[in-house]
Each structure stands twice: as C-alpha cells, then as structure tokens.
Amino acid sequence: MNSTTSTQDLVIGVDIGGTFTDCAIVLPDGRSAPGKSPTTPHDRSEGFFASIEDAGNRVGLDLHTALQRCRLLIHGTTTGTNALIERSGAQVGLVTTTGHGDASLIMKGEGRLVGIDPDQIWDLPGSDKPEFLVPRALIREVHERIDFRGRVVVPLDEVGVVAAADELVEAGAQAIAISFLWSVRNDTHERRAADLIAARHPGVFVTAAASVSPYVGEYERTMAGIVNAYIGPLMIDYVDRIERRAADLGYYGRLLFAQAAGGAITGDEVRLAPVRTVHSGPVSGLLGSAHMADAMGRPDLIVADMGGTSFDVSVIRDHRPDLRDVSTLERFQVALPMVYVDTVGAGGGSVAWIDSAGELQVGPRSAGALPGPACYGRGGTEPTVTDADVVLGIVDPDAFLHGERRLDVTAARKAIATISEPLGMSIEQAAAGINRIIDAKMADLLRRMSVQRGFDPREFTVFAYGGGGPVHGAAVARDVGVRTLVVPLVDMASAWCAYGATVSDMVHVVQHWESMTLPCPPEHFAETFSRLEKHAHELLASEGFDDPEMRIERSIKVKYTTQLHTIELPIQEGSFDQAAMEQIVDDFGRTYDTLHGEGAGHRAGGVTLTGFVIRAKGALERASQPFAAPAVGVTRSSRSVYWSELGERVQTPVISLQSGRIDDEMTGPMLLQLPDTVVVVRPGQTARMDNLGNLVLSI
C-alpha cells in the first residue's frame, strides 16, 4: 500500500489498552493500515507514538512523516480509567454542604453490591464497600444552602471555604472537589467556592461537581466531581506530554480525544473535565462498528471487543447507541453521559487457576502487558488464555504481531501443565477447558446485555474485534444463539477501537433535568429544547463548525411515575402542539413494552418527563468508505489444531492474508490468519468476505 498524495491528508486514531496500544492510519482514498505496540505503563505516551510508527511503517512512512502528513489525530485513552483501577490518582479533598459530608461514603446504601460480579452478590457477609477515593479525614463541610428550586436559603460562608481548603491542602490534598446540595439548580455557590480555592491554592486542581455533571442526584453528581478531581492532575500531565511530543515530531493538525459519550473533544476540554475520557477506547470501537454497520445496512448490533485484559460489550439498536446518565466506574455510581459498555475481566491475558475446591477458574486477574502470558517470554509463568490458544494451535507462534515476535510454545505448554496435571487432564484438554470457561463468561455477558434487557440476540448482528474477538467470537456467538457474526475490515479488526476514533465527530451532550407530568404544555417543551439547542450551537461554532457541519439530535428521559425504569426517547424535529405531546406519551408506552414486556408499565399512574437531552455533533472531514482492494499476501497452508467440538487434533486449512478481500467461501474448521490476529471459523460454520472487506460468519 503506497501513499503519494499531498501533505496533511492522513487521519490517525490511537487507542491505548491494558496490554497493547493500537493505531489506525486512514489514507486519503479511505484505505487504512493498523499499527500495534505493547502498552508502556510507566509512560503511556511511549506506546502511543510507537504504535503510530508501526502503522506508518506499513504504508512506507516514518514517524515524523506520518505526523507531518496528519491533519487529524484522535486518541482514546485509558489513562484515567487505569488510575481508578490501580488507585494511582491524586489525593483528593471534598468540600460539601454542612450535614452532607458522609453522602459519598454512604453510597445510597448500595455500596456493597454495586459493580460486583453476579456470582458474588449472594456472598453478602464476604462483601465490602470499595476503597473510597476521598477518606473521611479529607472531607470538609461549609455553611451554605440552596433549595430544590435554586433559591439561596443560606449564603455561602466564604471564610469557611478558604479555611476548609487550607486544611485540606495542609493534610496533603492535591485536588479538591466541591459538591453543594442542589447546585444543579443554581451553581453560583460552587463556582464562587472554586474561584476562591483556585486563587488561594493555584497549584491545586479544583472541580465544581455541577460544572462536570449537571445531574439531579447528590451522590452520583458528587462522585463525578470526585473522580474528575482524582484523575485531573495526571490527565493534565498526560495531555501536555502527548501534545508536546506530537509538536516536537512535526504534527501541526488538531489533536482530539475520544470521550465516553461518543465522539471527540479537545485537549482543553479534557483538562477541565478529564472524567469524560474514561472508557473512551471501547466507545470508539462501538462508533466504528456503527459507522460500518450503516454501510452494511445492519441497524441492530451487539459489539464485542476482546483485548488482552477485558471483554467489552455494548448494544446498538436502530442505529442508536445506548447512552446512560449514570454509569458504574470501579463500583462507584457516577453521573456522566456515557455510552453504556459492560465489561468482564476476560482477555488474552486472563490467568487460569485452580480454586480451593479443585475447580478450574479463568480470570478476572490478568497477566497484563508485563510480564504477559508465559508464551511472551518476558518472565510470565502463569497459564493464560493466549497460552491456551497457542497450545491448541489456534494462534501461530511464528505469526504473532505480523511475525515480529515469536511466541514460546514450550513456555506455554509448561504453564498449562501447572493446571492440567493437578486436574488429571492432557495439556490440550486443559487448554480447551480454559477456552470453554472464558468463552462461557463472555457469552454470559452477551446474554446480560441482550436477553436480560428484552432483546433477542438472534435478531442482532455481533461485531467481534480486538486482538481476541476474532479468535473467540464464533464460539461465544454460537453459545448465545447469534446467527451472524462480523469481523469488521479484517486487517483492521485487532485495532478496531483506533479505527473507530478516526470516524468520530466532535460531540457535545447538553442536558437539562426537570420533572414534569406528560403530556406537558407544548410551549415549555419547545422553549426548553430551543434554549439547549442554542447553547449546543454556540459550543460547536466556537470550535469552528459552520451550520451545514452541525447535526442536532433531541431526546427526552421518561418514566412511569410510579415505577423506576427511565428510558431515553428520541424526539424528531418539528413543531410541538398538544397532539405531539400525546404522541410522545404513546411512543413511550410502546418503547417501554418492547424493552420490559407488554403490560409491564403502569400507565394509570401517569408518565413523568425527567430530563431533556441534546446531542450536538460537528462533522469532521473523513474519507468515504471504499470497496475492499484485491487481496494482498495470500498464502494457503494447514496446521494441526485441537478442536474441542471434535475432541482431537485435526489438520486444519489456513488462509494467510495481509490485506484486502478474498472471494473464498470458508467452511469450518478453518483459520484466517491476519497480521495481528486470527479469525477462527469453527466446525459447522461458514464465512465469506463482503465487498467492503468485512468477514461475515454464519453461525
């Protein structure tokens, strides 16, 4: 693949995962090339630029040239997420309303159960709350009070604010979150307190919770402010390092960051609200899947991303991702607009072990990037899913990372033997058992995201990507009952989240929380949307977008008054009258029945609107999706693979493909070997590539 076009004609996406950092370079004609480098936990910017260098090498460009020719660089980062997982963020102090200092510690009485695995829920005596991000010793209360209508009841004690900040900084606080009661209705006290603290302690990162999360819900809004403060200092340092290094290497275009709500934001926005970047990598993969599914004419998707550490699943229904107002981050409920992605600890690095009852278990602990699976030859000795894939013959030890790293089969077999011998199994049987267990865990997550939410997985197409998605996707889809599985742009599948970043738009989510009975006065409905749209328009205009480049999507949050479940209902453009209000109520009822079952809603109890949502998109220039080029680097061979369905090793056909499209109809068992992963077509399944270069499997 050669590039000969003019300067600043490339788009680059980068996604940092727990094990590998992936890159996608999109050329002017729409073709793309992947890059991959081990994640560098000590300084993630090293892996960032190494992945760009690797992708550039595949299209004949060195790192400097690739960046000089890049007009748009979009980055999905796990830096903030990893800080939460590893508890390596800043020391945070909290300033809150007198009498409410314990709200973040009480966790609405749900702290023992939120965010734990389903099989742990029944072990209540063995459960506990998570380690708090702000200890009680670093919480200070100040006198102030605003009521639920936004009226000032008690003026802000400014002297008390300064004194509280002094005490917190003296106690070691590096960042301070401010969360006052009902600041979502009137944030003047929070903003004034933030100004006072910033002036008094200019080196301290300060967050006003309502500015990050204008959500009605004290605990969830407070946690959004706390998490933002917790990851703020390290994210500022990280963004600064990425921007400086990019500039030093000759990058003069826009550097944007993927966000949890989908789409991209600027570095300045990340510095103000770094919490918006958590889980941005998996969300980018979902957006890439939605983009490709639109081109394929498939409106309903389950997207499944298996990397080295985790397995992430989300749902797209009628072309719309599931956007949530409150998400669980490391067992904390955080009010943050976020595309709903559920995760289990299931990846190529997931460690297999034997429990106290003598049963084989897999995960959630991972070998990570260092030392990694035993077959990496970096000192790891514990058996992992990747070791099992190598032992079974599914992963070719000579083709890993397009042949740049040879895997150690002997080390993999030795690691698997540590569990096969105590279990009285052969090494192949134990490796197959590891795969069956990890596949069953991933299948359970797909069921939770589909069947348990009222969706029939047989009506959805599964997109499987990441380094492990093409390897395990067919077995997982078969277990769930899915009929069609797609490995998107097969040569890009292992770096799909990075590719998804390249098709992002600039996105702002503007919300207003208000409780009223539906049908409501149409004038108020129209006025509220008009006000929110004006604000969204101003945000996009400030970033240089013209009217034709802007797209506004409206929706409302609605629930049955006497019931708990709130759903988001799309609202079409047009004028509003009483008939339109009645139609909205009817549409809500039908949608509710679809999701929860006919008759599940209590219509007689009334319908309540709880919020207005505007999703504003500024279209970033992107190349059109081309048809796949003819295949490059095709070789045909076979190798011995152990298939659990057959209970034995079978000499299995292997097609090796560098890039492009092949016309073969593939009948399992067989393998499609790609530069950075392998697609497994299991016995009884068939597969064929479409004209865009996607591999479509019939399960």
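Parameters at a glance
Residues numbered from 1 in each chain as written. Predicted model: local features only at pLDDT ≥ 70, side-chain atom pairs only at ≥ 80, totals over all residues. Heavy atoms only, no water. Helix = DSSP H or I, 4+ residues; strand = E, 2+ residues; numbered from the N terminus. Rg over C-alpha atoms; globule rule 2.2 N^0.38 Å. Buried < 20%, exposed > 50% of the residue type's maximum accessible area, 1.4 Å probe, protein only. Areas by Shrake-Rupley, 256 points an atom, 1.4 Å probe, with all protein chains shown as cover. Lys, Arg positive; Asp, Glu negative; His and termini not counted. Charge placed at Lys NZ, Arg CZ, Asp CG, Glu CD. Pairing = 2+ DSSP bridges. Axes fitted to C-alpha atoms, helices over the stretch in contact; angles between N-to-C directions. Contact = heavy atoms within 4.5 Å. Domains from an automatic or database assignment. Right-handed = clockwise from strand over helix to strand, strands pointing away. Salt bridge = Lys/Arg side-chain N within 4 Å of Asp/Glu carboxyl O. Left-handed = near helix turned anticlockwise from the far one by under 90°. Nonpolar A, V, L, I, M, F, W, Y, C, P; charged D, E, K, R; others polar. Phe/Tyr/Trp six-rings, centres within 6.5 Å; stacked < 30°, edge-to-face > 60°. Parallel < 35°, antiparallel > 145°, perpendicular 65-115°, else oblique. Expected span 1.5 Å × (residues − 1). Core = buried A, V, L, I, M, F, W, Y, C linked by side-chain atoms within 4.5 Å.

Q: Sorry if this is basic, but what is going on with the overall build of the chain here?
A: A tally of regular secondary structure across the chain gives 17 helices and 33 strands. Relative to the 2.2 N^0.38 estimate, which gives 27 Å for 699 residues, the radius of gyration of the chain is 26 Å and therefore close to what a compact globule would have. For the chain, the C-alpha atoms occupy an extent of roughly 80 × 60 × 55 Å along the three principal directions. Split into buried and exposed, the 699 residues of the chain put 57% on the buried side. Summing over all exposed atoms, the chain offers an accessible surface of approximately 27,400 Å²; the carbon and sulfur share of this is 50%. Side-chain charges in the chain split into 62 positive and 89 negative, and the spacing between the mean points of these groups amounts to 1 Å.

Q: How should the sheet that holds strand β10 (residues 205-208) be read in this particular structure?
A: Paired through their backbone hydrogen bonds, the strands of a sheet run either parallel or antiparallel. Pairing within the open sheet is parallel, and its four strands lie in the order β6-β5-β9-β10. Looking at which strands have only one partner, the edges of the open sheet turn out to be β6 (139-142) and β10. For this sheet, the mean angle separating the axes of adjacent strands, direction not counted, is 20°. Across five bridges, the pairing between strand β5 (residues 92-97) and strand β9 (residues 175-179) is parallel. Pairing of L94 across the sheet is with A177, part of β9. Together, β5, β9 and β10 form the strand contacts of helix α6 (residues 188-200), whose direction differs from that of β9 by roughly 160°. Its contacts with the sheet put helix α8 (residues 218-248) on β5, β9 and β10, and the angle it makes with β10 is roughly 155°.

Q: What exactly am I supposed to notice about the environment of M306 here?
A: Tracing the chain through its elements places M306 in strand β13 (residues 301-306). Ignoring sequence-local partners within four residues, the contact set of M306 consists of F311, A346, G347, G348, V385, M442, Y465, G466, G467, G468, G469 and H472.

Q: Looking at this structure, how should I read the domain arrangement of the chain?
A: Considered domain by domain, the chain is made up of domain 1 (10-83 + 237-277), domain 2 (89-229), domain 3 (506-618) and domain 4 (635-698). Look at where the C-alpha atoms of domain 2 and domain 3 centre, and you get two points 29 Å apart.

Q: Any chance you could explain the pairing of β9 here in plain terms?
A: In regular strands, side chains alternate between the two faces of the sheet. Burial of β9 is extensive: five of the five residues sit out of reach of the surface. Covered by surrounding structure in β9 are A175, A177 and S179 together with I176 and I178, the residues of both alternating faces. Running through α6, the crossover from β9 to the neighbouring parallel element β10 is right-handed.

Q: Please explain unusual backbone geometry as it appears in this structure.
A: If a residue is not glycine, its phi is most likely negative; likewise, a peptide bond is most likely trans. Here the amide bond leading from G363 into P364 is cis, since omega sits at 0°, within 30 degrees of zero. Tracing the backbone shows P364 in strand β20 (residues 360-366). Of the consecutive residues G668 and P669, the connecting peptide bond is found in the cis state with omega at 10°. Following the sequence through the fold, P669 ends up in the loop between β29 (666-667) and β30 (670-673). For D318, which is not glycine, the phi torsion reads 55° and is therefore positive. Positionally, D318 belongs in the loop between β14 (311-317) and β15 (320-321).

Q: Please explain the sheet that holds strand β27 (residues 635-643) as it appears in this structure.
A: What the four strands build is an open sheet, ordered β27-β28-β30-β31; its pairing is mixed. Strands with a single pairing partner mark the edges of an open sheet, and in this sheet they are β27 and β31 (678-681). Across this sheet, the average inter-strand angle for adjacent strands is 25°, counted without regard to direction. Examined bridge by bridge, strand β28 (residues 648-656) and β30 share three bridges and lie parallel to one another. Bridging across to β30, S656 finds its partner in Q673.

Q: Can you help me understand the side chain of E428 in this one?
A: Mapped onto the elements of the fold, E428 is located in helix α13 (residues 427-449). Given the relative accessible area of 14%, E428 is considered buried. The contact partners of E428, leaving out residues within four places of it in the chain, are L392, R413, Y642 and R649.

Q: Just to check I follow, could you spell out the pattern of salt bridges for this structure?
A: In the structure shown here, the tally under the stated rule is 44 salt bridges. Here R453 ties to D322 by a salt bridge, and the two come within 2.3 Å at their closest N and O atoms. In this pair, R453 is assigned in the loop between α13 and β21 (461-465) and D322 in the loop between β15 and β16 (323-329), connecting sequence segments 131 residues apart. By relative accessible area, which is 19% here, R453 ends up buried. Residue class for D322 comes out buried when judged on its relative accessible area of 18%. Note that R478 and E645 form a salt bridge whose closest N and O atoms lie 2.7 Å from each other.

Q: Looking at this structure, how should I read the packing of helix α1 (residues 44-58) against α8?
A: Geometry of a packed helix pair, given as the angle between the helix axes and the separation of the axes. Contact pair α1 / α8: the axes reach a minimum separation of 10 Å and the direction vectors enclose 40°. The two elements α1 and α8 meet at a crossing, and its hand is right-handed. Residues R44, S45, F48 and F49 of α1 form the contact with α8, whose own contacting residues are Y238, R241, I242, R245 and A246. In terms of residue class, the contact of α1 with α8 is built from five nonpolar, one polar and three charged.

Q: Teacher, can you tell me more about the packing of aromatic side chains here?
A: The geometry of an aromatic ring pair is captured by two quantities: the separation of the ring centres and the angle between the planes. A complete count under the given rule lists 15 aromatic pairs for this structure. Judged by centre distance (4.7 Å) and plane angle (20°), the ring pair of W496 and Y499 falls under stacked. Pair noted here: W496 and Y499 are both in helix α15 (residues 496-502), with a separation of three residues, about one helical turn. A residue is classified by how much of its surface remains accessible, and Y499, at 3% relative accessible area, is buried. Put simply, the rings of F525, F529, F576 and F612 pair up and form one aromatic cluster.

Q: What should I look at first to understand the packing of helix α11 (residues 385-392) against α13 in this one?
A: Taken N-terminus to C-terminus, the directions of α11 and α13 make an angle of 130°; their axes are 9 Å apart at the nearest point. Classed by the angle they form, the pair α11 and α13 counts as oblique. The handedness of the crossing between α11 and α13 comes out as left-handed. Residues V385, A388, D389, V391 and L392 of α11 pack against I427, E428, A431, A432, I434, N435 and I438 of α13.

Q: Help me out: how do you make sense of helix α10 (residues 280-296) in this one?
A: Each α-helix winds once per 3.6 residues, and so residues spaced three or four apart point in a common direction. Helix length check: α10 (17 residues) gives 24 Å between terminal C-alpha atoms against 24 Å at 1.5 Å per residue, within 8%. The buried fraction of α10 amounts to 14 of the 17 residues, a majority that puts the element mostly inside the structure. Immediately beyond the C-terminal end of α10, within one or two residues, lies G297, with a positive phi of roughly 75°.

Q: Help me understand the nonpolar core, please; the structure alone is not making it clear to me.
A: Most often, soluble globular proteins have nonpolar side chains that are buried together. Counting 78 residues, the largest nonpolar core has F48, F49, I52, L73 and V95 as the members making the most contacts within it. Counting residues per element, this core draws most heavily on α8, at 13 residues. When residues are assigned to domains, this core turns out to be shared by domain 1 (10-83 + 237-277) and domain 2 (89-229), each giving three or more. What I52 contacts, discounting residues up to four positions off in sequence, is I12, V14, C23, I25, L63, L67 and L73.

Q: What am I meant to see in the pairing of strand β17 (residues 332-339) here?
A: Within β17, eight of the eight residues are buried, leaving the element largely enclosed by the surrounding structure. The alternating pattern of β17 places F332, V334, L336 and M338 and Q333, A335, P337 and V339 on opposite faces, both of which are buried. A loop of two residues connects β16 with β17, the two strands running antiparallel in sequence, and E330 in this loop sits at a positive phi of about 50°.

Q: Help me understand the environment of L84 in this model?
A: Relative to the elements of secondary structure, L84 occurs in helix α3 (residues 79-86). On the accessibility criterion, L84 (3% relative accessible area) is buried. Distance from L84 to D505, taken between C-alpha atoms, is 27 Å for residues 421 residues apart in sequence. Once you skip the residues sitting within four places of it in the chain, L84 turns out to touch L133, V227, Y230, I231, V278, L329 and E330.

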